[in-house]
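Structural features, examined
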Amino acid sequence: MSFLKEFKDFLYEYKIIGLAIAFIMGLAANQLIKSLVDNIIMPIITPFIPGGAWQTATLLLGPIVISWGAFLGDLVYFIIVALVIFLIAKKLLKEEKVEKK
């Protein structure tokens, strides 16, 4: 029984359960944001991309193929994730902010 109590204390002391919940929520948020980028934002941008296929848009420089469409999608996705994290952190850390003198 002491091993189980020790394990339980470990889970509580290092907040493993909270971390697991945050990880699962992060995965769900990741899917939601990816869907937002792929299904809402990029279709709006698609008419401005030659050929209309933003995911496969490429630039040919001789034998070099630059897949800028896929990069554009990933860039928009990253910016949205960074913005969401910023807004959440700003809201949650607002109370902990120490004013500079």
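What you see is a predicted model, and the numbers here were worked out from it, not measured in a lab.

About the thresholds
Residues numbered from 1 in each chain as written. Predicted model: local features only at pLDDT ≥ 70, side-chain atom pairs only at ≥ 80, totals over all residues. Heavy atoms only, no water. Salt bridge = Lys/Arg side-chain N within 4 Å of Asp/Glu carboxyl O. Helix = DSSP H or I, 4+ residues; strand = E, 2+ residues; numbered from the N terminus. Buried < 20%, exposed > 50% of the residue type's maximum accessible area, 1.4 Å probe, protein only. Phe/Tyr/Trp six-rings, centres within 6.5 Å; stacked < 30°, edge-to-face > 60°. Lys NZ or Arg CZ within 6 Å of the ring centre and 35° of its normal.

What follows is about the pattern of salt bridges. In this structure the tally under the stated criterion is one salt bridge. Across the pair aspartate 9 and lysine 5 runs a salt bridge whose closest N-O atoms are separated by 3.0 Å. Residue aspartate 9 and its partner lysine 5 are located together in helix 1 (residues 2–13), separated by four residues, close to a single helical turn. Look at aspartate 9 and you get partly exposed, because its relative accessible area is 36%. Accessibility expressed as a relative area gives 52% for lysine 5, which makes it exposed.

So, about the packing of aromatic side chains. For the coordinates displayed, the defined rule picks out two aromatic pairs. On the numbers, 6.5 Å between centres and 25° between planes, the contact of phenylalanine 7 with phenylalanine 10 is stacked. Highlighted residues: phenylalanine 7 and phenylalanine 10, both in helix 1, separated by three residues, approximately one helical turn. A residue is classified by how much of its surface remains accessible, and phenylalanine 7, at 43% relative accessible area, is partly exposed. The class for phenylalanine 10 is partly exposed, based on a relative accessible area of 39%. If you follow lysine 34 out to its NZ or CZ, it ends over the ring of tyrosine 77, 5.5 Å from the centre.

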